[in-house]
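Each chain, written out:
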Amino acid sequence: LSLSASDLFFPSGVREALTRIAERGLSLLTTVPDAEYQRWGVGVNIANGEITGFDLNLVHVGWYTDGRIQERSPGRVGLEHVKTLRVDPNAYPPDWQALERTLVKSPSSIWLVGMLPEWEHAGNRTPAEYAEIYHEIYRFVKNHDPSALVVPGGIVQPTPLRLRWLDKVLEAYR
């Protein structure tokens, strides 16, 4: 398998532009300086296969997430696996004992709290709910691995409505 613009979730105009770029053998990320590539990452939809099934040489990224918590990334891909704690009502709360085992076996990992936490097809959380969940996960992770990096999940897109959602998360968190 190879990663293409059609595998990604983008509005149609962006998808067509990325497809044209890929058809020419180019990548938007090939101009990322070597010192900066670790700041860039990709999301992999495991329904399309494991990360090892994608040719990521041209993408030039330093990390990936597949929406899961894994003690070790599959195979040798040369990318950091960012662990994702889902926050949707069907997946939260997590299995705290399994999470603790992963924290012990994967110290200093990056933990993403939710993926699109405001979107009804992903996290589907109110700002207050997400702030509470983030706080609970942050404390749990940091209590078991102070060197871990805990980061909030990204929003679908920075629209005025979603930026207000983020403001309300911050208000609730304080």
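The structure presented is a predicted model; accordingly, all values stated were derived computationally and were not measured. (Residues numbered from 1 in each chain as written. Predicted model: local features only at pLDDT ≥ 70, side-chain atom pairs only at ≥ 80, totals over all residues. Heavy atoms only, no water.)

Caption draft 1: Region of interest: the sheet that holds strand β2 (residues 63-65). If you walk across this open sheet you meet the 3 strands as β1-β2-β3, and the pairing is parallel. Unpaired on one side and paired on the other, β1 (41-43) and β3 (80-81) mark the two borders of the sheet. For β1 and β2, the ladder comprises 3 bridges, and the chain directions are parallel. Residue pairing in the sheet places G43 in a bridge with T65 of β2. (Pairing = 2+ DSSP bridges. Helix = DSSP H or I, 4+ residues; strand = E, 2+ residues; numbered from the N terminus.)

Caption draft 2: Main features of the nonpolar core. The biggest cluster of nonpolar side chains holds 19 residues, and the ones touching the most others in it are W111, V113, Y130, I137 and V141. Within the residue set of this core, elements represented by two or more residues are α2 (96-105), β5 (110-113), α3 (127-144) and α4 (160-173). With 7 residues, the single largest contributor to this core is α3. Among all residues touching V141, those that are not within four sequence positions of it are L103, W111, A148 and V150. Of all hydrophobic cores here, the second largest spans 9 residues; its members include V42, F54, V59 and Y64. (Core = buried A, V, L, I, M, F, W, Y, C linked by side-chain atoms within 4.5 Å. Buried < 20%, exposed > 50% of the residue type's maximum accessible area, 1.4 Å probe, protein only. Contact = heavy atoms within 4.5 Å.)

Caption draft 3: Geometry of the pairing of β5. Residues I110 and L112 point to one face of β5 and W111 and V113 to the other, with burial holding for every one of them. Here strand β4 (residues 83-85) pairs with β5 via 3 bridges, running parallel. Bridge pairing links K83 to W111 in β5. Since β4 and β5 lie parallel, the crossover through α2 that links them has a hand, and here it is right-handed. Bridge count for β5 against strand β6 (residues 149-152) is 4 bridges, and the pairing is parallel. Bridging across to β6, L112 finds its partner in V151. Running through α3, the crossover from β5 to the neighbouring parallel element β6 is right-handed. (Right-handed = clockwise from strand over helix to strand, strands pointing away.)

Honestly, it's all geometry; don't read function into it.
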